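# Secondary and tertiary structure notes
The lines below spell out each chain.
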Amino acid sequence: IYIVLSTLKYLKKGGRVSPAVAVLGEMLKIKPVLYTRGDSFNKFAMTMSVRQAEKKVIEQLDKELNSEFKKEYDAGCMTISLAYTYSDEEAKRFKGEVETAFPKLKFHYIDPLSLSVSCHIGPNALGIAMSVNNYMTSDSTKTSKPKTKATKKVEKVAKEKPSKETKTIKEKSTTKTKAKPKTK
């Protein structure tokens, strides 16, 4: 996951960067790019414009798709998701750039980021995530996962006749309880 930020203001408000760094970054118009592959975000790059940041992200995706994920990319098993804060026009423009750069990638979705994330990174941010989906192939249009053993078992149980325990539970839930008489 890579996130391109348009401002340091909200990272400062959240205590993720110091006030001095935020002021200096805003004066120099620095646009940070963060990345994660787990539980915390780290600095990936610092650029002077959002367009430069987007270019760096596309370059990094290209490196990853042609090294670490080459086999999956060539097989057509890679998908990409795009998220944004505030400006869906910018997100659609960036999506076009990513599609041009990587025609084999399938877009999963393009949606706004949740408010719980947006409040920490500010408006006009873009997030992009790549994932491997082994159930996808380049020659198929089916994008739903094959059923697992657990899913098949749940479906089988749901189709079976209700057991004695299920009947008892249903009877108890539909039977009204009688009010107890008051005693003095």
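Going by the structure above, here's the rest.
Here is a short report on the structure shown in this document. (Residues numbered from 1 in each chain as written. Predicted model: local features only at pLDDT ≥ 70, side-chain atom pairs only at ≥ 80, totals over all residues. Heavy atoms only, no water.)

### Details of the nonpolar core
By size, the foremost hydrophobic cluster in this structure holds 23 residues, and its most contacted members are V57, L61, L65, F94, F102 and I128. A per-element tally of this core places helix α3 (residues 50-65) first, with five residues. Discounting residues that sit within four places of it in the chain, F94 has contacts with E54, V57, I58, L82, L126 and I128. (Core = buried A, V, L, I, M, F, W, Y, C linked by side-chain atoms within 4.5 Å. Buried < 20%, exposed > 50% of the residue type's maximum accessible area, 1.4 Å probe, protein only. Helix = DSSP H or I, 4+ residues; strand = E, 2+ residues; numbered from the N terminus. Contact = heavy atoms within 4.5 Å.)

### Structural notes on the sheet that holds strand β2 (residues 31-35)
On the basis of which strands lie adjacent, the open sheet formed by six strands has the order β3-β2-β1-β6-β4-β5 and mixed pairing. Lying at the two open borders of the sheet, with one neighbouring strand each, are β3 (42-47) and β5 (106-112). For this sheet the average axis-to-axis angle between neighbouring strands, irrespective of direction, equals 20°. With six bridges joining them, strand β4 (residues 78-84) and β5 adopt parallel strand pairing. Note on β5: the bridge partner recorded for L82 is I110. Across the sheet, α3 touches β1 (2-4), β2, β3, β4 and β6 (126-132), and the angle it forms with β1 is around 165°. (Pairing = 2+ DSSP bridges. Axes fitted to C-alpha atoms, helices over the stretch in contact; angles between N-to-C directions.)

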